[in-house]
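Next come the chains, spelled out residue by residue.
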Amino acid sequence: MKTLLLCLLAFLSIQSMAQTPVKVAVAGLSHGHVGWIFNRSDKKDIELVGIYETNPDLVNLFMTKYKLDKKLFFTDLNKMLDEAKPEAVSAFGAINEHIAIVRACAPRKIHVMVEKPLATTFADAKEIQKLADQNGIQVLTNYETSWYASNQHVRDLVEQGKLGEIRKVMVNDGHQGPKEIGVSKEFLAILTDPVKNGAGALIDFGCYGANLMTWLLKGERPLSVTAVTHQNKPEIYKEVDDEASIILQYPKAQCIIQGSWNWSFARKDMEVFGNKGYAVAVNATTVRQRLAEKTPEETIKLDPRPAPFTDPFSVLADVIQGRLKLEKNDLYGLPVNVTVVEILETAKESAKSGKTIYLKK
């Protein structure tokens, strides 16, 4: 009887948790992806309790556009955290500000989700991981490609041994350029600032390949990093690169990452070649694959990933409330994303020096 009662109480607790929205605050309104959180009124898994932003023009813009209560807005991060009492903060400012947000949130036991990548420096990334571990919080990094059913399908083929051992991976990400596609002036100011963004296309789009390759190889760090960056459009992007190519060398595999603000059209695709077969994630739901030498290539159309994986805020809510446990080397998790920042920082060093950089063990 006692066991039955305990099970019933646990079930009711889980049900109650599932019905209670997670209290989430937003830190910054300058990032181009911030609109996501205001355009999901059909979902009730989070409750917006506060917004930190110091730019009055952005405050007025968002207040008017989304009909938001003025009481939601704060110009002091710490005051917002103490008065709004969020359970989690989603960061939508400059990448170099992620560390400050985690420093403020971690001692208060407030979880954090940032837009990719985790940080602009390896030192900041390691400090974020230390703060998260010390304070028992989750720090997630959101990448659009984490939502792709195609990438999950390719990883499943690798796990099932259908591609054999990974030998070559090519990841291509980018678009025509942030100014060319019409991002906001506030977001453009971040992306073209070598301090706030860390670099240009190398950070903005090179991070995707580093994230995916580290995930495919279950957290393995490369032996070496070689990178070349360039300004094809210095009249537009005066302070940062708009073109970046990164080569990651592993003991038995190589990854070529191409991040660019010079593509003809937007793209996010990945090619994985093993010693038995290959698979190409063409877009979020399309894969081209050939799994045996004597079989033809086939194209597979996939359904989108199931809930909560098509919505980063649903992922955040489920992780916080215990409905979802991330695997050790998850695309969102700290182990993979700290390594991503190490790769990006090393790539910047390689591009600057013109040399291959070998990572320390």
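Residues numbered from 1 in each chain as written. Predicted model: local features only at pLDDT ≥ 70, side-chain atom pairs only at ≥ 80, totals over all residues. Heavy atoms only, no water.

Q: I'm lost on the overall build of the protein in this one. Help?
A: When helices and strands are tallied, the protein shows 13 helices and 15 strands. In terms of C-alpha radius of gyration, the protein reaches 21 Å, essentially the compact-globule figure of 21 Å for 361 residues. Expressed along its principal axes, the backbone C-alpha trace of the protein runs to roughly 65 × 55 × 40 Å. When burial is assessed residue by residue, the protein has 53% of its 361 residues classed as buried. Residue pairs in contact within the protein that sit at least 24 positions apart in sequence constitute 70% of those at least 6 positions apart. Surface summary for the protein: the accessible area is close to 17,200 Å², and the carbon and sulfur share equals 53%. The average position of the 45 basic charges and that of the 43 acidic charges among the side chains of the protein differ by 3 Å. (Helix = DSSP H or I, 4+ residues; strand = E, 2+ residues; numbered from the N terminus. Rg over C-alpha atoms; globule rule 2.2 N^0.38 Å. Buried < 20%, exposed > 50% of the residue type's maximum accessible area, 1.4 Å probe, protein only. Contact = heavy atoms within 4.5 Å. Areas by Shrake-Rupley, 256 points an atom, 1.4 Å probe, with all protein chains shown as cover. Lys, Arg positive; Asp, Glu negative; His and termini not counted. Charge placed at Lys NZ, Arg CZ, Asp CG, Glu CD.)

Q: Is there a simple way to explain the UniProt feature "domain: Gfo/Idh/MocA-like oxidoreductase N-terminal" (unreviewed entry) in the protein in this structure?
A: Within the UniProt annotation, "domain: Gfo/Idh/MocA-like oxidoreductase N-terminal" (unreviewed entry) is assigned to residues 23–142. Secondary structure within residues 23–142 divides into 37% helix and 22% strand; the distance between the first and last C-alpha atoms comes to 18 Å. (UniProt positions renumbered as here; feature names shortened; annotations may be inferred.)

Q: Where do I start with helix α6 (residues 122–135) in this structure?
A: Two residues of an α-helix separated by three or four positions point the same way, owing to the 3.6 residues in each turn. With 14 residues, α6 ought to run about 20 Å at 1.5 Å a step, and its terminal C-alpha atoms sit 20 Å apart, in line with that. Those residues of α6 that sit buried are F122, D124, A125, I128, L131, A132 and N135. Among the structural elements, α5 (98–105), β6 (139–142) and α13 (334–353) are those in contact with the buried residues of α6. (Expected span 1.5 Å × (residues − 1).)

Q: Sorry, what's going on with unusual backbone geometry here?
A: Note: most peptide bonds trans; most residues except glycine with negative phi. Following K116, the chain continues to P117 via a peptide bond in cis, the omega torsion being -15°. Turning to its location among the elements, P117 is positioned in the loop between β5 (111–115) and α6. For the bond running from A307 to P308, omega is 10°, close enough to zero to count as cis. At K85, a residue that is not glycine, the phi angle is positive and equals roughly 50°. With phi around 60°, K109 is a residue other than glycine that occupies positive phi space.

Q: Whenever I open this one, the UniProt feature "domain: GFO/IDH/MocA-like oxidoreductase" (unreviewed entry) in the protein confuses me. Can you help?
A: Per the UniProt entry, the sites bearing "domain: GFO/IDH/MocA-like oxidoreductase" (unreviewed entry) are residues 152–279 in this numbering. Across residues 152–279, helical content stands at 27% and strand content at 31%; the span's end C-alpha atoms are separated by 11 Å.

Q: Would you mind showing me how to read the pairing of β5 here?
A: If a strand is regular, its side chains alternate between the two faces of the sheet. Among the five residues of β5, five are classified as buried, and the element is accordingly described as predominantly covered. Along β5, one buried face is formed by H111, M113 and E115 and the opposite face, lined by V112 and V114, is buried too. Inspection of the sheet shows strand β4 (residues 88–91) paired to β5 by four bridges, in the parallel sense. Residue pairing in the sheet places A91 in a bridge with V114 of β5. Handedness of the crossover joining β4 and β5 through α5: right-handed. One ladder, built from four bridges, connects β5 with β6; its direction is parallel. Bridging from a neighbouring strand, V114 pairs with T141 of β6. (Pairing = 2+ DSSP bridges. Right-handed = clockwise from strand over helix to strand, strands pointing away.)

Q: It is not clear to me how the environment of Y250 should be interpreted in this structure. Could you clarify?
A: Relative to the elements of secondary structure, Y250 occurs in the loop between β9 (243–249) and β10 (254–260). The exposure class of Y250 is buried, given its relative accessible area of 2%. For the pair Y250 and K168, spaced 82 residues apart in sequence, the C-alpha to C-alpha distance is 9.9 Å. Those residues in contact with Y250, other than ones at most four positions away along the chain, are M213, L217, E220, R221, P222, L223, C255 and I343.

Q: Where do I start with the packing of α6 against α13 in this structure?
A: Geometrically, a packed helix pair is captured by the angle between its two axes and the distance between the axes. Look at α6 against α13: their axes get within 8 Å of each other, and the N-to-C directions meet at 165°. Taken together, the axes of α6 and α13 lie roughly antiparallel to each other. Considering how the two elements wind past one another, α6 and α13 form a crossing that is left-handed. On the side of α6, the interface is formed by F122, A125, K126, I128, Q129 and A132, while α13 contributes L334, P335, V338, V341, E342 and E345. (Axes fitted to C-alpha atoms, helices over the stretch in contact; angles between N-to-C directions. Parallel < 35°, antiparallel > 145°, perpendicular 65-115°, else oblique. Left-handed = near helix turned anticlockwise from the far one by under 90°.)

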